[in-house]
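What follows is each chain in one-letter form.
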Amino acid sequence: MIEALKQIQLSVLLYLSGSCGVLIVLSLFTGTLSPRRKQALVSMETEAMFLLLADYFAYIYRGDMSVTGYYVVRISNFLVYLLSLFITHAFNLYLMDLCRNEGKLDRLPKRLIVCEVLFLSGIIMLVISQFTGLYYYFDEFNKYHRAPGILLNYFFPLTMTLLLITVIFDCRKVLEKRVIIPLFLFSILPYMATILQMFLYGLSLTNITIVGVIVLLYLFEIRNMSLIQKARLAAEQASNAKSRFLANISHEIRTPINTIMGSTELLLREDPAGVPKGYFLSIMNHSFDIMGASENLLELINDILDISKIESGKMHLVQQEYEPFDKLHSTVSLIRGRSNQKGLSFDIEVDEDIPSKLYGDSGKIKQVILNLLTNAVKYTEKGGFSLKIKVLETNGDKCRLQFQVKDTGIGIKQENIGNLFNAFERFDESRNSSIQGTGLGLDISMQFALLMGGKLWCESVYGEGSVFYFEVEQKIIDGAPSGEFVEKTEFEFRGPYIPQFTAPEANILIVDDNPVNLSVEKNLLKDTKMQIVTCSSGEECLNLLDKMKFDLVLLDHMMPGMDGIETVGVIREKNKELPVIALTANYFDGAEQFYKSKGFDGFLTKPIDIKEMEKLLLDKLDKELVTINTFMENAPMDTELAPDLKWLYEIDDLSVPAGIKACGGAKIYIFSLLLFLDTIDENAKAIGSAYEAKDLHLMAVKVHALKTSSRIIGAERLAAIAGKMEAAGKNNDLNYITAHYDELIEKYLSFKNKLAPLSALSGEIGEDIKEPMPEEELKDAYAALSEYAGSMDYESAQMALDEIGKYRLPPKEQDKVSSIAKALKNLDWDKVKEILNEK
Ligand code: ADP
């Protein structure tokens with residue numbers, strides 16, 4: 001019976017050894033296994049394969065008295081014992097990895113270490129036994145025989161297994177059930193097999209069982225890993241869902257911001273003529289604030305989207321040719337305004353030999369620099385900051401640029417520098433509580449730098465300032481030096497807005513499902529005098545295009561029903577020429593290519609930048625239809641003050657160019673100055689009473705308004721002082737307010753004298769373009785107003801005032817009308833009547 005079993009066993013040994021070979025290959029190609037466990041499994045399998053082979057040969061050559069037989073029998077038997085020790089050792093390593101990773105044990109159980117000692121001792125004893133016959137010996141027929149010492153041979157692997165069982169038992173709570181079961185099987189089965197084998201001399205039960213359990217272990221690993229894989233897949237899906245959610249939410253947020261920014265833009269364009277001055281100034285102030293807040297919000301959404309794209313690995317480089325100075329001008333002009341507002345110096349030093357044309361992702365470089373410069377402005381109170389750009393080296397058609405942003409700000413503590421570039425990290429929270437920020441900027445900058453193969457780092461002395469370095473390599477397209485960098489003041493039109501062109505003959509169609517956006521978009525284009533038709537769906541758009549001829553279509557991307565993409569698809573089937581521009585609230589790299597590939601001629605992102613929109617329209621509309629606004633061409637005309645007002649340039653603490661820029665033109669600037677002058681007394685009084693009453697909240701509100709209007713007129717120092725007072729008001733810092741109150745009021749009131757000569761102009765500005773109002777008509781208008789006041793009919797009274805506002809009035813009548821408007825605003829009907837009755 002045993003003999004028959006032995007025969008079967010021989011085939012089983014071979015068969016199993018082959019299976020082990022297959023397992024090795026399978027394990028090597030199983031991508032889900034952790035490297036360490038893969039190593040343990042593969043070595044177990046390899047050892048098992050050789051062990052079985054050795055066992056096989058030991059049987060085959062048993063009793064073979066040739067020289068080969070002599071050596072094969074000895075070597076094979078040695079290998080069988082040696083490899084079983086090795087397998088136990090590999091299992092021990094496997095268990096160690098499991099305890100560390102899945103069991104999350106900081107310290108491995110000592111028993112696992114003891115096992116390693118046993119393993120080494122086992123090998124030493126085995127070698128000794130070869131020379132002493134301690135474990136086994138061979139008779140003269142070259143047959144294997146156990147010696148009494150064989151028990152010692154079993155001692156090592158069996159004790160190791162025993163220890164391993166106890167470890168598995170101890171870890172049963174921290175390890176998962178699906179892991180525990182194969183582990184127990186792995187250790188207990190060979191144990192039992194060995195005991196059995198001791199009595200069934202000549203059978204290789206242990207070896208066979210070992211292979212069996214290795215197969216088991218592999219299968220369990222695979223199952224285990226496929227569960228992990230599933231979990232990973234679920235996590236990836238969740239992360240994709242998060243990215244999609246963010247993209248959607250950003251779309252949803254951008255749509256209302258589009259309305260807010262568009263409407264604010266329209267408010268800022270309102271004609272000031274005939275509107276009560278104080279009222280107009282406060283509208284300007286609030287509009288500036290809303291604009292600023294919307295811009296911040298937009299920046300935040302863009303940052304969050306960037307982070308989410310970086311996390312999901314969807315952030316890519318968008319490389320193209322660009323002129324470095326071009327990018328630099330727009331970057332510097334964005335920061336210059338902010339540094340002036342804070343009264344900080346901002347020095348720029350640019351290597352003259354920066355190549356004039358480069359190739360790379362200029363958008364991302366600009367974003368990094370803007371972020372570093374914005375931080376320099378934000379975190380510096382005194383002194384200033386600088387931007388230095390150097391060419392570090394040129395190598396063939398590549399050059400390495402270094403940007404250095406240095407500030408004299410609050411600095412960063414040494415222990416924080418390590419975390420500086422992590423998302424959401426902000427330092428000195430108590431000190432910086434009034435500084436807006438999310439802690440995303442530097443993380444994004446670092447990711448961008450890495451994406452471009454560049455470097456970003458910081459050196460800082462707490463309390464003294466920081467230097468940020470950013471290095472990046474760019475391809476040179478035109479190596480001619482750019483020369484000296486001369487800063488340009490970019491002129492921005494605000495206030496009385498002048499479109500870049502007019503096109504009264506052009507018919508354009510705007511398609512947007514959001515009615516408020518539709519109205520904003522239409523109104524933004526009103527001054528171009530184009531004939532604008534609107535509709536709210538893709539289907540309606542197609543209907544309209546069938547019925548009427550349009551010269552251009554602005555088509556929203558995301559719409560319920562037929563969206564922009566489908567609609568443009570249908571349009572293109574019939575009409576390849578019609579310019580169609582996509583309106584999108586989605587922000588993504590490669591949008592240009594995407595929309596072009598879908599059949600659009602261009603795209604605009606919401607919130608819509610009116611200048612961009614006009615530029616694109618100007619480009620796409622038939623040239624015959626448009627008249628370029630010559631005023632725009634000669635724009636500098638309105639950036640200079642009239643000769644009799646040149647003295648304004650001499651006033652210290654008043655930056656006329658900054659004021660003209662903020663207001664959008666010299667004319668509106670003078671108007672704003674007048675408003676500012678007219679309201680000094682009233683406002684100073686209001687600030688004074690808030691201060692007397694120690695009402696810091698009200699104080700903050702009042703100085704906030706002062707800060708904004710000072711900025712509008714270019715009184716930057718005053719704006720800076722007001723800004724600090726505002727922050728102190730918000731922080732309930734009465735000491736600061738008490739210490740600086742006099743300085744603020746003194747500075748504020750000083751403008752009364754400085755601007756006094758302007759009073760003579762009061763009433764003239766903005767009026768010169770209007771027709772004078774015939775006396776009779778004015779009388780009629782007053783009579784009508786009187787009647788409306790009697791019946792307290794607000795709307796009709798307002799309409800009458802609007803009508804009067806269209807004409808130029810003598811100064812006395814203008815004052816009267818302004819007072820009526822003010823009383824009407826307060827619904828003070830008695831006052832209205834009283835003014836009307838005055839002679
Ligand atoms: P944010 O400015 O929006 O908080 P950033 O990621 O740009 O986010 O910066 C992270 C933090 O690093 C800031 O909150 C600030 O504490 C610190 N920091 C960044 N730049 C400077 C700087 N120039 N001077 C001092 N601290 C800085």
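The structure presented is a predicted model; accordingly, all values stated were derived computationally and were not measured.

J.: When you look at the overall build of the protein chain in this model, what are you seeing that I'm missing?
T.: Along the backbone of the protein chain there are 27 helices and 16 strands. Computed over the C-alpha atoms, the radius of gyration of the protein chain is 41 Å, more than 25% above the 28 Å expected from 2.2 N^0.38 for a compact globule of 839 residues. Each of the three principal axes of the protein chain carries a C-alpha extent, and together these read 145 × 70 × 65 Å. In the protein chain, which comprises 839 residues, the share counted as buried stands at 49%. Split by element, the accessible area of the protein chain, about 41,000 Å² in all, is 57% carbon and sulfur. Here the protein chain contributes 88 positive and 112 negative side-chain charges, whose respective centroids are spaced 8 Å apart.

J.: It is not clear to me how a nonpolar patch on the surface should be interpreted in this structure. Could you clarify?
T.: A cluster of nonpolar residues, Val-67, Tyr-70, Tyr-71 and Ile-75, forms a patch on the protein surface that exposes about 430 Å² of accessible area. With respect to the secondary-structure elements, Tyr-70 resides in helix H3 (residues 67-101). Classification of Tyr-70 as partly exposed rests on a relative accessible area of 39%.

J.: Explain unusual backbone geometry here, please?
T.: Note on backbone geometry: most residues besides glycine have negative phi, and most peptide bonds are trans. A positive phi angle, close to 60°, is found at Asn-142, a residue other than glycine. Positionally, Asn-142 belongs in the loop between strand E1 (136-138) and strand E2 (144-146). By relative accessible area, which is 4% here, Asn-142 ends up buried. Positive phi is not limited to glycine here, since Met-792 has a value of about 50°. Looking at the secondary structure, you find Met-792 in the loop between helix H24 (775-790) and helix H25 (794-805). Judged by relative accessible area, which is 54%, Met-792 ranks as exposed.

J.: Any chance you could explain the pattern of salt bridges here in plain terms?
T.: Applying the stated criterion across every chain yields a total of 15 salt bridges. Here the residues in one salt-bridge network are Asp-653, Lys-747 and Lys-754, joined through shared partners.

J.: Quick question: what am I supposed to make of the sheet that holds strand E15 (residues 602-605) here?
T.: The parallel open sheet is built from 5 strands, whose spatial order is E12-E11-E13-E14-E15. Each end of this open sheet is capped by a strand with a single partner; those strands are strand E12 (531-535) and E15. Along the sheet, successive strands turn relative to each other by an average axial angle of 20°, direction set aside. Sheet analysis places strand E11 (residues 507-511) next to E12, joined by 5 bridges and oriented parallel. Residue pairing for E12: Ile-510 is matched across the bridge by Thr-534.

J.: What's the story with the side chain of Glu-47 in this structure? I'm lost.
T.: Mapping Glu-47 onto the fold places it in helix H2 (residues 35-60). Judged by relative accessible area, which is 12%, Glu-47 ranks as buried. If we skip the residues at most four places from it in the chain, Glu-47 touches Leu-83, Phe-86, Ile-87 and Ala-90.

J.: I keep staring at the site of the ligand and nothing clicks. Help me out?
T.: Contacts to the ligand come from 21 residues, most closely from Asn-375, Tyr-379, Asp-407, Arg-426 and Leu-442. Between Tyr-379 and the ligand, the recorded distance is 2.8 Å, taken from a side-chain N or O atom to an oxygen atom. Asp-407 places a side-chain nitrogen or oxygen 2.8 Å from a nitrogen atom of the ligand. In isolation the ligand offers 530 Å² of accessible surface; the protein chains occlude 97% of this area. Broken down by element, the residue count for the shell around the ligand peaks at 3 residues, all from helix H10 (residues 362-378). A per-class count over the shell around the ligand returns 8 nonpolar, 9 polar and 4 charged.

J.: What should I look at first to understand the nonpolar core in this one?
T.: The tendency in soluble globular proteins is for nonpolar side chains to be buried as a group. Counting 61 residues, the largest nonpolar core has Met-44, Phe-91, Tyr-94 and Leu-183 as the members making the most contacts within it. Put simply, the parts of the chain that give this core at least two residues each are helix H1 (2-28), H2, H3, helix H4 (110-132), E1, helix H5 (150-170), helix H6 (177-199) and helix H7 (205-268). Looking at which element gives the most residues to this core, the answer is H3, with 13 residues. In this structure Met-44 touches Ile-87, Ala-90, Phe-91, Tyr-94, Phe-186, Ile-214 and Leu-217, once residues within four positions along its chain are discounted.

J.: What exactly am I supposed to notice about the packing of aromatic side chains here?
T.: Here the distance between the centres and the angle between the planes together describe a pair of aromatic rings. Taken as a whole and judged by the stated rule, the model has 21 aromatic pairs. Taken together, a centroid distance of 5.3 Å and an interplanar angle of 90° make the contact between Tyr-70 and Tyr-71 edge-to-face. Pairing Tyr-691 with Tyr-741 gives two aromatic rings, centres 3.8 Å apart and planes at 5°, and the pair type is stacked. With Tyr-691 in helix H20 (residues 666-692) and Tyr-741 in helix H23 (residues 734-755), this pair connects stretches of sequence that are 50 residues apart. Like Tyr-741, Tyr-691 is buried. Clustering of aromatic rings is evident, with ring pairs tying together Tyr-81, Tyr-136, Phe-138 and Tyr-144. In this arrangement the basic side chain of Arg-74 is found over the ring face of Tyr-70, its NZ or CZ atom lying 3.7 Å from the centre. Taking NZ or CZ as reference, Lys-754 lies 4.7 Å from the ring centre of Phe-751, over its face.

J.: Sorry, what's going on with the packing of H2 against H3 here?
T.: Packed helix pairs are specified by the crossing angle of their axes together with the interaxial distance, meaning the distance between the axes. The geometry of H2 relative to H3 is characterised by a closest axis approach of 8 Å and an angle of 160° between their N-to-C directions. Classified by the angle between their axes, H2 and H3 sit roughly antiparallel to one another. Read as a crossing pair, H2 and H3 show a hand that is left-handed. Here the contact of H2 with H3 is built from residues that sort into 20 nonpolar, 5 polar and 6 charged.

J.: What am I meant to see in the pairing of strand E7 (residues 398-407) here?
T.: Regular strands place their side chains on alternate faces of the sheet. Burial within E7 is extensive, with 8 of its 10 residues counted as buried. Between strand E6 (residues 384-395) and E7, which pair antiparallel one after the other, the connecting turn spans 2 residues, and Gly-396 there sits at a positive phi close to 65°. Both E7 and strand E9 (residues 465-481) contribute to a ladder of 10 bridges, which runs antiparallel. Following the sheet pairing, Phe-403 is matched in E9 by Phe-470.

J.: Whenever I open this one, the packing of helix H26 (residues 811-825) against helix H27 (residues 829-837) confuses me. Can you help?
T.: At a minimum axis distance of 8 Å, the contact between H26 and H27 shows a crossing angle of 165°. By the angle between their axes, H26 is roughly antiparallel relative to H27. Here the hand of the crossing between H26 and H27 comes out left-handed. Two secondary-structure elements touch here, H26 through Lys-816, Ser-819, Ile-820, Ala-823 and Leu-824 and H27 through Trp-829, Lys-831, Val-832, Ile-835 and Leu-836. Residues belonging to the contact of H26 with H27 are distributed by class as follows: 7 nonpolar, 1 polar and 2 charged.

J.: What exactly am I supposed to notice about the pairing of strand E5 (residues 355-360) here?
T.: Relative to E5, strand E3 (residues 320-322) is paired through 3 bridges, and the arrangement is antiparallel. Among the inter-strand pairings, Tyr-322 is bridged to a residue of E5, identified as Leu-358. Pairing of E5 with E9, which is carried by 4 bridges, proceeds in the antiparallel orientation. If you follow Pro-355 over to E9, its bridge partner there is Pro-481.

J.: It is not clear to me how the environment of Val-80 should be interpreted in this structure. Could you clarify?
T.: Position of Val-80 relative to the elements: it lies in helix H3. A relative accessible area of 9% places Val-80 in the buried class. Considered as a pair, Val-80 and Tyr-649 are 569 residues apart in the sequence and their alpha carbons are 100 Å apart. Those residues within four positions of Val-80 in sequence are excluded, and the remaining contacts are Leu-51, Ala-54, Asp-55 and Asn-207.

J.: It is not clear to me how the confidence of the model for the protein chain should be interpreted in this structure. Could you clarify?
T.: Counting all residues, the mean pLDDT for the protein chain is 83, and 92% of those residues have values of 70 or more. The secondary structure element of the protein chain with the lowest average pLDDT is helix H18 (residues 630-633), at 50, and the one with the highest is E7, at 96. Throughout residues 631-636 the model reports pLDDT below 50, and contacts reaching past four residues in sequence, or to other chains, amount to 10 contacts. Per-residue pLDDT stays below 50 along residues 764-769; that stretch engages in 13 contacts with residues further than four places along the chain or on separate chains.

About the cut-offs
- Residues numbered from 1 in each chain as written.
- Predicted model: local features only at pLDDT ≥ 70, side-chain atom pairs only at ≥ 80, totals over all residues.
- Heavy atoms only, no water.
- Helix = DSSP H or I, 4+ residues; strand = E, 2+ residues; numbered from the N terminus.
- Rg over C-alpha atoms; globule rule 2.2 N^0.38 Å.
- Buried < 20%, exposed > 50% of the residue type's maximum accessible area, 1.4 Å probe, protein only.
- Areas by Shrake-Rupley, 256 points an atom, 1.4 Å probe, with all protein chains shown as cover.
- Lys, Arg positive; Asp, Glu negative; His and termini not counted.
- Charge placed at Lys NZ, Arg CZ, Asp CG, Glu CD.
- Patch = residues over 30% accessible without salt bridge, like charges linked within 9 Å, V, L, I, M, F, W, Y side chains within 5 Å.
- Salt bridge = Lys/Arg side-chain N within 4 Å of Asp/Glu carboxyl O.
- Pairing = 2+ DSSP bridges.
- Axes fitted to C-alpha atoms, helices over the stretch in contact; angles between N-to-C directions.
- Contact = heavy atoms within 4.5 Å.
- Near = heavy atom within 4 Å.
- Polar contact = N/O pair within 3.5 Å; in protein donor to acceptor, adjacent residues only side chain to side chain.
- Nonpolar A, V, L, I, M, F, W, Y, C, P; charged D, E, K, R; others polar.
- Core = buried A, V, L, I, M, F, W, Y, C linked by side-chain atoms within 4.5 Å.
- Phe/Tyr/Trp six-rings, centres within 6.5 Å; stacked < 30°, edge-to-face > 60°.
- Lys NZ or Arg CZ within 6 Å of the ring centre and 35° of its normal.
- Parallel < 35°, antiparallel > 145°, perpendicular 65-115°, else oblique.
- Left-handed = near helix turned anticlockwise from the far one by under 90°.
- pLDDT = per-residue confidence, 0-100.

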